[in-house]
Amino acid sequence: MFYLVFLDHQYIGRSICVFFFFFQAEDGIRVDLVTGVQTCALPILNGWKLRSVGKAFLRKVASVPFELSLVCSKELLLKGYSLKTDWKKKVDKNGRTLPEDPIMKKRRYNTYADIIIDQVGNMPVFYLPMKYCDRDRMYYEAAVLDGIRPHGKLWETLMIDAAVPFDLTHDDECVLKHLIYVTLHGRVSLKEANEKFSLEDMLLAQAADPFSADDEEEFGECILLNKAYIALKDFAQGMPSRFMFGYDFTNSGLMMSGVSFKAEKMMMAANMGGSSTVHDSHTDFGKGFDVPLERKDIKKIHMGLLHGSALQSIANVITVATDTQSTAELVKEYTHNAYGKPVDNITNIAEWGTKIVGNEQSVLRWTMPDKFSACSRSYLKGVPVLVYSASASHSAGYTSHVVVSDMPWVEDKNGYPIYGKEVYMGGVMYEVQSKKRGLFANMTHSIDAYMLRKIGDAVLDSGRPMLFKHDDFIAPPSAYHLVKATARGGFQELFETNLYQEAVNEIAAHSPYELAPLELIEGNAYNTVSQSDNFLMP
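Residues numbered from 1 in each chain as written. Predicted model: local features only at pLDDT ≥ 70, side-chain atom pairs only at ≥ 80, totals over all residues. Heavy atoms only, no water.

(A) A look at the overall build of the protein. Within the protein, the secondary structure is distributed over 18 helices and 18 strands. Whereas a compact globule of 538 residues would reach a radius of gyration of roughly 24 Å, the protein reaches 25 Å, a difference of no more than 12%. Seen through its principal axes, the protein has C-alpha atoms that stretch 75 × 60 × 50 Å. The 538 residues of the protein split such that 49% are buried. When the accessible surface of the protein is split by element, carbon and sulfur atoms take 53% of a total near 26,400 Å². Across the protein, 56 positive and 66 negative side-chain charges occur, with their mean positions spaced 3 Å apart. (Helix = DSSP H or I, 4+ residues; strand = E, 2+ residues; numbered from the N terminus. Rg over C-alpha atoms; globule rule 2.2 N^0.38 Å. Buried < 20%, exposed > 50% of the residue type's maximum accessible area, 1.4 Å probe, protein only. Areas by Shrake-Rupley, 256 points an atom, 1.4 Å probe, with all protein chains shown as cover. Lys, Arg positive; Asp, Glu negative; His and termini not counted. Charge placed at Lys NZ, Arg CZ, Asp CG, Glu CD.)

(B) Here's a closer look at a nonpolar patch on the surface. Nonpolar side chains collect at one region of the surface, where Leu-386, Tyr-388, Tyr-398, Val-402 and Val-404 lie side by side and expose about 470 Å² of accessible area between them. Looking at the nonpolar patch, the elements with two or more residues in it are strand S11 (379-390) and strand S12 (398-408). Ranked by the residues each element gives to the nonpolar patch, the list is headed by S12, at three residues. By the secondary structure assignment, Val-404 is in strand S12. (Patch = residues over 30% accessible without salt bridge, like charges linked within 9 Å, V, L, I, M, F, W, Y side chains within 5 Å. Salt bridge = Lys/Arg side-chain N within 4 Å of Asp/Glu carboxyl O.)

(C) Highlighting the packing of helix H5 (residues 170-185) against helix H7 (residues 199-207). With their axes 10 Å apart at the nearest point, H5 and H7 run at an angle of 80° to one another. Accordingly, the angle class assigned to the pair H5 and H7 is roughly perpendicular. Mapping the contact onto sequence places Ile-180, Tyr-181, Leu-184 and His-185 in H5 and Asp-201, Leu-204 and Ala-205 in H7. Partitioned by chemical class, the residues of the contact of H5 with H7 number five nonpolar, one polar and one charged. (Axes fitted to C-alpha atoms, helices over the stretch in contact; angles between N-to-C directions. Parallel < 35°, antiparallel > 145°, perpendicular 65-115°, else oblique. Contact = heavy atoms within 4.5 Å. Nonpolar A, V, L, I, M, F, W, Y, C, P; charged D, E, K, R; others polar.)

(D) Structural detail: the packing of aromatic side chains. The tally for this structure, following the rule as stated, stands at 21 aromatic pairs. Each ring, one from Tyr-81 and one from Tyr-112, has its centre 6.4 Å from the other, and the planes form 75°; the classification is edge-to-face. Placement of the pair is Tyr-81 in helix H2 (residues 74-82) and Tyr-112 in helix H3 (residues 102-118), with a sequence separation of 31 residues. This pair shows no difference in class: Tyr-81 is buried, exactly as Tyr-112 is. Ring centres of Tyr-247 and Tyr-480 lie 4.6 Å apart, and the angle between their planes is 50°; this geometry places the pair in the tilted category. Linking Tyr-247 in strand S8 (residues 245-249) with Tyr-480 in helix H17 (residues 480-496), this pair joins segments that are 233 residues apart in sequence. (Phe/Tyr/Trp six-rings, centres within 6.5 Å; stacked < 30°, edge-to-face > 60°.)

In C-alpha cells:
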C-alpha cells in the first residue's frame, strides 16, 4: 500500500510542487501508536540518497529481536506516566490553556498502558527499526508510544529486553554489581565497585520500590536496581537472563574533541587521561573559572561551550548567575585555564561554519571513515507561513491558516536572514530563530554516531542484542567489556586522525565560497587511551 501527498508551496515568488510517496508494510504493525514496533525484521530504507553502507546497517539493526521486559506491568507504566513533569499541567509556560486537560491526559496514558501490555506484550518478539533524519542521524521510528520508547527515559528503555535469553557468567556478575553500586553510591571504577560491594547493597537493590519514587529519575533507578538484583539471583541459581542495561560515556562531546585535539586537560576531565579515579567533567571545568558558580551554572556553561556557543553568550550566562559583569575575553581566559588553548578549536569551528554558509550553500557535508555521510544544516526555526486551503463552508471558497515551520537558510545582500527575530502575522508575534552556528556540534554528533556504529557492529556481530541510544549502549551485562574494548579502538583512531580537521578540509574543498580551511590547534598530550578505564559508566 502507498499514499500520495501533494504540496504546492509558494516561496519567494516561486511555486514549488513536491510529491511524497509513503509505503507501508502490510505484514508489520506500523500504524497509530505502535508505529515502529514491528512483528517482522523490516528495515526502513528512507531517503533516495541513502548510501549502501547505511542501508546495510539499517538492515542489521532491524533484524534484532526484542521482548517486553518481565518486570513491565500496567501498574508500573501508570506510575511512570504519573511522574511526568506535565502530568497535572493545565496551562503552558505562557499561561495559555493546554488543549488536553489532566483527565484526558490520564485517559490517553491509560490507553498507552493497555496497548503496551495487550498488544506489544503478546507479540512473540518485536523489532525496532531505525531511520535517518535530515541531519543524517539515526533514530528509532518507535517514538510515539510513551513507556517503551528506545530514546525515552531510563525507565522506558528498561521495559525492553532481549528476546533470546543468555547464560550469565562471572563477567556478568561483576558488571551487575557495578551497576548496583554506582546507582546507590555514585560513580567509581568497576574494580572498586566489586571490592566494596556488600550484602547490604544487594538488599538495598532488592528493596528499591519504584512505586514510592518522587520523579522519573528515581523511578528508573529503582527499576534498574530491581532488575540487577533479579539478574544476580539468576546467576547464583544458574538461570539464564534476558535483562539489558545501559552504559554510557561520561561526557561524549568532551571525549571526542579532547582526544581529537590531543588536549591533555580535556582528556583528563573526560576520563581519557589514564587516571584511576573517576572525574566529573563539569567539576574539572569549573576549576578554571575565577568566579563563584553553582554546579548547575557550570554545567550550563560547559554544555554551551561544547555545542559551540559564542563566548559572549557564555559571558551573559555568567553575568546573570553571579550578578557580576563578564566578557568574552574573560570567558576565553577561563576556558584556557580549564582546558588549554586547544579548546579554542570549538568556537573557531563554530565561527568558521557561519562564514561558509549562505544562499548558495546552507548544508555542509563531510564523509566519515566508514563512508557514512554527515551534515550540518543552517535554517530558520519557527517561521510563520500563511497557508490557504479549499473550504466549502466559507463564502470565498477557501480559508487560511498560519503554520509555523522551519525553513532553509536564506539571507539578504548584507548577509542577514530574510526574517527578523520577530515576525507579525494576523496580529500575533512569532519568534524566529537563526540556526547557523551548529557546525562544531554537528561534527561532534557525527563522530559520536561513528563510534556508536562501530560499537553496535561489534556487539551485534557477537550475537548479542543492543539498543542504540546515542552514547548510551544498552545491551546484556557481558557486552560491557566488548563495548569498552571497541570504544578504545575508536578513540585510538581519533587520537591518530583528527576527524574534525578532516571534515573542515572536505567542506572547504567543496564550498562555492572562497574560504581557506581552518587550521586547528593541536595539543601535546600523550596517548593515554589504552590506560583509560573509567570513561564508560552506568
